[in-house]
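Chains, contacts and geometry: an overview
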Amino acid sequence: MYILRSVGPAVSRVSPIEAARAGLGALVGLGLTGLFLLTPGSDLDLGLYLVAPFGATSVLLFAVPNSPLAQPWSAVVGNTVAALVGVAVCMTIADSALRVALAVGLAITATILCRALHPPAGAVAMTAALNPEAIAQLGFWFALAPIAVGTCVLVILATVYARITGRRYPFRQFDDPSNNQSEEKNPSERLGLSEEELAGILERYRHSFNLGVEDLARLISAAELQAATHVTAPLTAKDVMSSSLITVGPETALGEVAELFKRHRFISLPVVGNDEKFLGVIFQMHLIRQAREDAIRLKRGYFSTLNRLLDRKREMPVTAGDIMEVAGPRVTTNSPLGVLLPMMAVEDVDAVPVLEYDRIVGIVTRTDLIAALARAAVRSG
């Protein structure tokens with residue numbers, strides 16, 4: 001049984017939507033790259049054509065864009081260096097079998113030394129070694145076109161596609177700012193471990209090619225949050241939410257919204273429509289941002305008599321519906337605390353609405369969450 005399990009799938013299940021996203025990305029990426037490279041005329045003279053390794057590169061760029069092996073440096077430099085090695089070996093070794101083996105082996109060594117290991121690079125070197133006639137005509141130009149040019153096009157398309165589909169590529173930016181553009185520390189620093197220490201862990205367990213330092217920091221943080229839920233289980237959002245809510249409609253004037261924040265010392269205020277259907281939520285920062293914009297307009301003389309006459313639309317009073325956030329996270333009453341913890345610990349969320357059939361029935365704030373964790377700790381102690 002152990003042997004059967006060991007040869008089974010090693011990759012966790014992936015949703016059909018994610019599988020379709022990756023496949024569509026490869027389709028679009030290779031299709032557009034082909035339009036760019038497959039020009040009529042003397043393709044071999046210019047090196048403007050597709051090669052099989054681009055298919056393998058597409059798998060990495062569009063299916064596992066967070067892999068260290070899929071990042072732009074690994075893809076572009078790895079493929080290009082492998083092409084140079086493959087061309088050099090093809091020009092000097094006559095025996096075909098030795099030529100292929102030597103090209104691939106040297107390409108692996110060279111790309112590792114360049115910190116640009118990219119699995120399709122082995123296929124790039126092999127392609128060069130298997131096509132001595134084409135290499136005799138193209139020479140080292142093969143490394144530039146189609147290899148370097150084609151890989152660059154794929155990387156650019158993968159970057160655009162990731163942005164459009166809500167993913168992140170390139171992924172190796174260790175010092176990215178936090179979501180709220182603050183000076184908050186990155187995950188590794190919040191763990192109390194330096195980048196060098198995390199890199200040492202990866203090297204010790206020989207996972208430097210599988211994970212990046214930032215990936216490891218995020219995984220450790222996620223594991224710590226998940227471990228915290230063992231103390232609080234089986235608490236759900238319904239157990240910790242505040243259910244006595246004060247809500248406003250989307251037409252509520254901003255002055256009334258500000259008065260509610262001041263009177264009740266809220267950190268958030270839900271906005272509902274007909275039948276208490278949840279529409280969005282207003283946070284204090286939304287009021288502050290709107291007040292700052294109004295101050296700037298006043299300073300520039302925006303509300304002068306002349307401007308009022310020229311632009312009547314701007315005189316419409318700002319309402320709750322104009323400043324509410326509609327795309328924030330939300331949970332249901334049955335959502336476990338394990339879902340809420342990473343939202344508030346990692347995603348810089350101050351409060352999460354709790355919904356049932358699109359109607360808001362409660363809201364969980366950081367205060368609610370901390371109180372629940374404290375009570376659970378006391379009980380377990």
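Reading the values: rules and limits
- Residues numbered from 1 in each chain as written.
- Predicted model: local features only at pLDDT ≥ 70, side-chain atom pairs only at ≥ 80, totals over all residues.
- Heavy atoms only, no water.
- Patch = residues over 30% accessible without salt bridge, like charges linked within 9 Å, V, L, I, M, F, W, Y side chains within 5 Å.
- Areas by Shrake-Rupley, 256 points an atom, 1.4 Å probe, with all protein chains shown as cover.
- Salt bridge = Lys/Arg side-chain N within 4 Å of Asp/Glu carboxyl O.
- Helix = DSSP H or I, 4+ residues; strand = E, 2+ residues; numbered from the N terminus.
- Buried < 20%, exposed > 50% of the residue type's maximum accessible area, 1.4 Å probe, protein only.
- Pairing = 2+ DSSP bridges.
- pLDDT = per-residue confidence, 0-100.
- Contact = heavy atoms within 4.5 Å.
- Axes fitted to C-alpha atoms, helices over the stretch in contact; angles between N-to-C directions.
- Left-handed = near helix turned anticlockwise from the far one by under 90°.
- Nonpolar A, V, L, I, M, F, W, Y, C, P; charged D, E, K, R; others polar.

A contiguous nonpolar surface patch, about 480 Å² in accessible area, is contributed by Leu 24, Leu 27, Val 28, Leu 32 and Leu 35. Residue placement: Leu 27 occurs in helix 2 (residues 16-37). By relative accessible area, Leu 27 is classed as exposed at 59%.

Moving on, we come to the pattern of salt bridges. A complete count under the given rule lists three salt bridges for this structure. Ionic pairing is found between Glu 18 and Arg 21, a salt bridge with its closest N-O pair at 3.2 Å. Pair noted here: Glu 18 and Arg 21 are both in helix 2, with a separation of three residues, about one helical turn. Across the pair Arg 366 and Asp 350 runs a salt bridge, and its minimum N-O distance is 3.7 Å. With Arg 366 in helix 19 (residues 366-380) and Asp 350 in the loop between helix 18 (337-346) and strand 4 (351-356), this residue pair connects regions lying 16 residues apart in the sequence. Since its relative accessible area comes to 33%, Arg 366 is described here as partly exposed. A relative accessible area of 38% means that Asp 350 is categorised as partly exposed. A single network of salt bridges, built from pairs that share partners, joins Glu 18, Arg 21 and Arg 167.

As a further point, take unusual backbone geometry. A cis amide bond links Ala 145 to the next residue, Pro 146, at an omega of 20°. Summarising the element assignment, Pro 146 is placed in helix 9 (residues 141-164). The omega angle of the peptide bond from Tyr 169 to Pro 170 is 0°, so this bond is cis rather than trans. Here Pro 170 shows up in the loop between helix 9 and helix 10 (187-191). If you check the backbone angles, Arg 115 has positive phi at about 55° while not being a glycine. Among the secondary structure elements, Arg 115 is positioned in the loop between helix 6 (96-113) and helix 7 (120-130).

Further remarks concern the sheet that holds strand 5 (residues 359-365). The strand order across the open sheet built from three strands is 3-4-5, with neighbouring strands paired in mixed fashion. Each edge of the open sheet is held by one strand with a lone partner, namely strand 3 (331-332) and strand 5. Sheet topology note: the strand 4/strand 5 ladder contains six bridges and is antiparallel. The residue bridging Val 352 from the neighbouring strand is Val 364, located in strand 5.

Attention now moves to the confidence of the model for the chain. With 78% of its residues at a pLDDT of 70 or more, the chain has an overall mean of 81. Taken as a whole, residues 173-184 scores under 50 in pLDDT and shows 16 contacts with residues more than four places along the chain or in a different chain.

Counting buried positions over the six residues of strand 4 gives five, a clear majority of the element. The pairing of strand 3 with strand 4 spans two bridges and is parallel. Residue pairing for strand 4: Thr 332 is matched across the bridge by Leu 355. Adjacent in sequence and paired antiparallel, strand 4 and strand 5 are bridged by two residues, among which Tyr 357 carries a positive phi angle near 55°.

Take the packing of helix 5 (residues 72-92) against helix 6 next. Where helix 5 contacts helix 6, the two axes come as close as 9 Å, and the packing angle between them is 145°. Once helix 5 is placed against helix 6, the crossing between them reads as right-handed. Only Arg 99, Leu 102, Ala 103, Leu 106, Ala 107, Ala 110 and Thr 111 of helix 6 make contact with helix 5, whose side of the interface consists of Gly 78, Val 81, Ala 82, Val 85, Gly 86, Val 89 and Cys 90. Per-class residue counts for the contact of helix 5 with helix 6 are ten nonpolar, three polar and one charged.

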